[in-house]
Amino acid sequence: MITVGFSQVGAESDWRTANSESMKSTFSEKNGYKLIFDDAQQKQENQLTAIRNFIQQEVDYILLAPVTETGWDTVLQEAKDAGIPVIIVDRMVDVSDDSLYTTWIGTDALCEGRKAAEWLNGFAEAKGIAASDIHIADIQGTIGSTAQIGRTKGLEEGVDKYGWDLVAQQTGEFTQAKGQEVMESILKQSGDDIDVVYCENDNEAFGAIDAIKAAGYEVGGEEGQILVMSFDTTNAGLTDTLSGKIICDTECNPLHGPRVEEIIKKLEDGKDVEKKAYVEEEMFAYDDTVKSVKVDDKDYDVTKITQEILDKRAY
Ligand code: GYE
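Predicted model only: the values in this text are computed from it and were never measured.

## Observations regarding the overall build of the protein chain
Here is step 1: Across its full length, the protein chain carries ten helices and 15 strands.
Here is step 2: A globule of 315 residues ought to have a C-alpha radius of gyration of about 20 Å, and the protein chain, at 20 Å, matches this closely.
Here is step 3: Per-residue burial over the protein chain gives 54% buried out of 315 residues.
Here is step 4: Taking all contacts inside the protein chain whose residues are at least 6 apart in sequence as the whole, residues at least 24 apart take part in 71%.
Here is step 5: Accessible surface for the protein chain amounts to roughly 13300 Å². Of this, 44% is attributable to carbon and sulfur atoms.
Here is step 6: Positive and negative side-chain charges in the protein chain, numbering 30 and 61 respectively, have mean positions lying 4 Å apart.

## Some details on the nonpolar core
Here is step 1: Within the largest apolar cluster, 39 residues are counted, with the highest numbers of intra-cluster contacts made by Ile62, Leu63, Trp72, Val260 and Ile264.
Here is step 2: Counting only elements with at least two residues in this core, the list comes to strand S1 (2-8), strand S2 (33-39), helix H2 (44-56), strand S3 (61-64), helix H3 (73-81), strand S4 (86-90), strand S5 (103-106) and helix H9 (257-268).
Here is step 3: Dropping the residues within four chain positions of it, isoleucine 264 is found in contact with Ile2, Val4, Phe27, Tyr61, Leu63 and Ile87.
Here is step 4: By size, the runner-up hydrophobic cluster in this structure holds 27 residues, among which are Ala117, Ala124, Leu227 and Val295.

## What about H2?
Here is step 1: Here H2 contains 13 residues, and its C-alpha end-to-end distance of 19 Å stays within 8% of the 18 Å for a straight helix at 1.5 Å per residue.
Here is step 2: Turning to H2, its buried residues are Gln47, Ala50, Ile51, Phe54 and Ile55. Around the axis of H2, the buried residues are gathered within 140 degrees of arc, so they sit on the same side.
Here is step 3: For H2, the elements touching its buried residues are S1, S2, S3 and H3.
Here is step 4: Among the residues trailing H2, glutamate 58 stands out with phi positive, at a value near 55 degrees.

Calculation rules
Residues numbered from 1 in each chain as written. Predicted model: local features only at pLDDT ≥ 70, side-chain atom pairs only at ≥ 80, totals over all residues. Heavy atoms only, no water. Helix = DSSP H or I, 4+ residues; strand = E, 2+ residues; numbered from the N terminus. Rg over C-alpha atoms; globule rule 2.2 N^0.38 Å. Buried < 20%, exposed > 50% of the residue type's maximum accessible area, 1.4 Å probe, protein only. Contact = heavy atoms within 4.5 Å. Areas by Shrake-Rupley, 256 points an atom, 1.4 Å probe, with all protein chains shown as cover. Lys, Arg positive; Asp, Glu negative; His and termini not counted. Charge placed at Lys NZ, Arg CZ, Asp CG, Glu CD. Core = buried A, V, L, I, M, F, W, Y, C linked by side-chain atoms within 4.5 Å. Expected span 1.5 Å × (residues − 1). Arc of directions from axis to C-beta.

Have a look at this one:
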């Protein structure tokens, strides 16, 4: 029986739930594991405590989904001194010495952000919308998390490249409640000036859409409607994309359980593993105005979402 200690960020989003379910179903007793699961409720101090508990319990592996990128050197050194391999899952850690963790598997948030920005430019060009008429509110994820850093940077690069107007930037902490609260505040300050809301995950988009409608505006791709963009492509997010409430949803795949297990099996067999592994990710949109985007000389298809596609997805 292999004992695995998993420090999970929290339960802030549908994405996180899918990620936790993937990890729990993979590292089950039936599959030969004893999983010690800790939900940190989005607090780094809880993760530090959990990791130290895993070390005391002499687990075979520590899995860490870090809430934010910094502040891990000391505790990872303690795990290294205890001879326990650490696998970073989902978000990245920013440490002085990358021997403090064995490997990382997760999402290329910067590429996601760049893809979304290219989609917005393609949509604007196709609809004849001038860059000067694109005023954007960025509802950011948890500040300092890999997903927020990358998605925000991807948008800001687009703003600089295409001359859009970034009207507001505020964290929605990847939650629906905070996403709604932030959207309400931004609309109070700049309501008629907002054309695009760039939500850094689906749950923020759900909250933002509620706030937009409550303020008397409409969401969608038609003239005068507010474009709501999102990330994660959860089932609920793609359901909103099917209806047009979300106009474009960039995938971030949460099903890391089997990928992490493959790494552990290699380590158990004494094999080397890559230091970094990105997961493959797609893009979905309400319509086929933009059929593909180019990021770093690579083309990415944009798929018009259908009920059939939605029904077949694993999450
Ligand atoms: O986008 C969000 C979750 O780290 C990629 O965290 C993950 C992000 C995801 O709360 O829904």
